[in-house]
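Chain residues, written in single-letter form:
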Amino acid sequence: MSAKRAKAEARVDLPSLLRIYRTFRHDYARHWKAIAVSYAGLLSLVAVTLLLPWPLKLILDHVVLSRPLPHGAVFLARFAASPQTLLAALVLGYILLRVLESLFTLVHQVGLMSVGERMSAGIRDRLFAHLQRLSLSFHDDARSGDLMVRLVSDVSDLKAVLIEAPQNFSQRVVTFVAHIALMLFLDWRLALVGIGVIPVLLVY
């Protein structure tokens, strides 16, 4: 019985969620430039994440095992004169990718955190101004503790819905699509086999 109750509580009320996003769409519009920069950082971060394993693969295949470079890595031919030179180039490339990963993570996460704080401050300002315009009879009946919760806790929860939930969803979707596209590009037959397993994993 408790499992059913937990499952029901975890279910998302999609109409209510969409109504929240429609209500605060103007807050998104006010900060669209910062949001666009943050999501550009997310796309760049996913691209760098896809590239990160390749220097290690090239080091294993073409430095440790001394295999010839593939056609897709002809740009490394100038460094292939000696294993030490190729290893140094690949190590530098890996370090550069790590630096870019940190930079794009900073742009994405700090940018969205900044937008979230500004949106929360704007919502609190409007809510406080609305409370000031209410009649004195309302304040006589209202409990101060309840109003403080509305101004502090509820707005913080609203920030999680407006900023953190779309960010987490977008990051997972973009990462999933990017990995599927890379798999299809490398070996579409093997990719189809891997994709075919996904429905089974979702069921179980």
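Residues numbered from 1 in each chain as written. Predicted model: local features only at pLDDT ≥ 70, side-chain atom pairs only at ≥ 80, totals over all residues. Heavy atoms only, no water.

(A) The arrangement of the overall build of the chain in detail. Each helix and strand in the chain was counted, giving nine helices and zero strands. Reading the chain from its N end, one meets helices and strands in the order α-α-α-α-α-α-α-α-α. Counting across all 204 residues of the chain, residues that qualify as buried make up 22%. When contacts within the chain are restricted to residue pairs at least 6 apart in sequence, those whose partners lie at least 24 apart make up 75%. Here the chain has roughly 14,500 Å² of accessible surface; of this, 69% comes from carbon and sulfur atoms. (Helix = DSSP H or I, 4+ residues; strand = E, 2+ residues; numbered from the N terminus. Buried < 20%, exposed > 50% of the residue type's maximum accessible area, 1.4 Å probe, protein only. Contact = heavy atoms within 4.5 Å. Areas by Shrake-Rupley, 256 points an atom, 1.4 Å probe, with all protein chains shown as cover.)

(B) Representation of the pattern of salt bridges in the model. Applying the stated rule across the entire model yields five salt bridges. Residue Asp27 is joined to Arg126 by a salt bridge in which the shortest nitrogen-to-oxygen separation is 3.1 Å. Placement of Asp27 in helix H3 (residues 25–30) and of Arg126 in helix H6 (residues 83–133) is noted, with a sequence separation of 99 residues between them. Exposure remark for Asp27: the relative accessible area of 4% places this residue in the buried category. The partner of Glu117 in a salt bridge is Lys159, and the shortest N-O contact between them spans 2.7 Å. Here Glu117, found in helix H6, pairs with Lys159, found in helix H8 (residues 144–186); they are 42 residues apart in sequence, far enough to count as distant. Judged by its relative accessible area of 21%, Lys159 falls in the partly exposed class. (Salt bridge = Lys/Arg side-chain N within 4 Å of Asp/Glu carboxyl O.)

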